[in-house]
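Structural characterization, general
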Amino acid sequence: MNTRFFVALLPPEPLQETVDAIKQEFADRYHSRGAQLSPPHITLQPPFMWNMETIARVKTCLQDVASHHSPNLITLDGFQSFPPRVIYIHVNPTPWLMTLQTHVADVMKASLGIVDAQAQQRAFVPHMTVAFRDLTKPNFVTAWAEFRDRPFQQTFLATALTLLHHDGKRWHPFTTFPFSRPNDADP
């Protein structure tokens, strides 16, 4: 049976709670609840369909990617938007993060034939979505006027890739793949 999956970095639980509170604010004040259907995350491989019977192939690929990277610091810095519907927490695009995303996409394509056509047509912009799709254009204008200058500064140590799956209603972590390369081995 085919199931939807995606690959992401998830922050630790205390930071997830902070971001979930911001998502709740969007739900309460701007009637945008779509971002609440997944845990706070930075997408590295957009959603794709895969047969649950052969999910071990995906896991093997992601374990291989994780073995080539060491844990690294991620910095969240303020809010940005993709007008006219998306507001997100800006993630600093460090060389480590950009290399990781490229590595994930390249391995998924070469080993599994998984390609996101939209992602190939635009540059990777690391972000953590707090409102999207169901944020109306008028509510976007109102919310963006408030959030564009709102301060938000957090850092966390990214320690693993996470494969998430969709249960028909929302996204859930499925398997994690710890980064296992020693820090002194990274370029």
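Further up the page is the structure itself.
These numbers come from a predicted model, not from an experiment.

1. Here's the deal with the pairing of strand β8 (residues 171–178)
- Bridge analysis of strand β7 (residues 160–166) against β8 gives 7 bridges, and the strand direction is antiparallel. What sits directly across from Leu163, in β8, is Thr175.
- Adjacent in sequence and paired antiparallel, β7 and β8 are bridged by 4 residues, among which Gly168 carries a positive phi angle near 100°.

2. Quick look at the packing of aromatic side chains
- One pass over the full model with this rule turns up 9 aromatic pairs.
- Pairing Phe5 with Phe174 gives two aromatic rings, centres 5.6 Å apart and planes at 70°, and the pair type is edge-to-face. Remark: Phe174 occurs in strand β8 and Phe5 occurs in strand β1 (residues 2–9); sequence separation between them is 169 residues.
- Judged by centre distance (5.5 Å) and plane angle (85°), the ring pair of Trp96 and Phe179 falls under edge-to-face. Here Trp96, found in helix α3 (residues 95–112), pairs with Phe179, found in the segment after β8; they are 83 residues apart in sequence, far enough to count as distant. Neither Trp96 nor Phe179 differs from the other in exposure class; each is buried.
- Among the aromatic residues, those joined into a ring-pair cluster are Phe26, Tyr30, Phe79, Phe147 and Phe152.

3. With respect to the side chain of Ser81
- Relative to the helices and strands, Ser81 is located in strand β3 (residues 72–82).
- If near-sequence neighbours (up to four positions away) are discounted, Ser81 is found in contact with Val86, Ile87, Tyr88, Phe140 and Trp144.

4. Points about the pattern of salt bridges
- Counted according to the given criterion, the structure contains 4 salt bridges.
- Close ionic contact of Glu25 with Arg29 constitutes a salt bridge, the shortest N to O distance being 2.9 Å. Placement of the pair is Glu25 and Arg29 together in helix α1 (residues 13–30), with a separation of 4 residues, close to one helical turn.
- The exposure class of Arg29 is partly exposed, given its relative accessible area of 43%.
- Here Glu146 ties to Arg29 by a salt bridge, and the two come within 2.8 Å at their closest N and O atoms.

5. Let's talk about helix α2 (residues 55–67)
- For α2, with 13 residues, the first-to-last C-alpha span of 18 Å sits near the 18 Å given by 1.5 Å per residue.
- Where α2 is concerned, the buried positions are Ile55, Val58, Cys61, Leu62, Val65 and Ala66. Burial along α2 is one-sided: seen end-on, the buried residues are contained in an arc of 135°.
- Considering only its buried residues, α2 is in contact with β1, β2 (42–51), α3, β7 and β8.

6. Some details on the sheet that holds β7
- Judged by pairing direction, the sheet is antiparallel, and its 4 strands sit side by side in the order β2-β1-β7-β8 without closing on themselves. Edge positions in the open sheet fall to β2 and β8, since each of these has one partner strand only. For this sheet, the mean inter-axis angle between neighbouring strands, taken without regard to orientation, is 25°.
- As paired strands, β1 and β2 are joined by 7 bridges and run antiparallel to one another. Across the sheet, the residue bridging to Leu9 is Ile42, located in β2.
- Contacts from α2 reach β1, β2, β7 and β8 within the one sheet, and its direction differs from that of β8 by about 50°.

Procedures and definitions
Residues numbered from 1 in each chain as written. Predicted model: local features only at pLDDT ≥ 70, side-chain atom pairs only at ≥ 80, totals over all residues. Heavy atoms only, no water. Pairing = 2+ DSSP bridges. Helix = DSSP H or I, 4+ residues; strand = E, 2+ residues; numbered from the N terminus. Phe/Tyr/Trp six-rings, centres within 6.5 Å; stacked < 30°, edge-to-face > 60°. Buried < 20%, exposed > 50% of the residue type's maximum accessible area, 1.4 Å probe, protein only. Contact = heavy atoms within 4.5 Å. Salt bridge = Lys/Arg side-chain N within 4 Å of Asp/Glu carboxyl O. Expected span 1.5 Å × (residues − 1). Arc of directions from axis to C-beta. Axes fitted to C-alpha atoms, helices over the stretch in contact; angles between N-to-C directions.

Shape descriptors only; they carry no functional weight alone.
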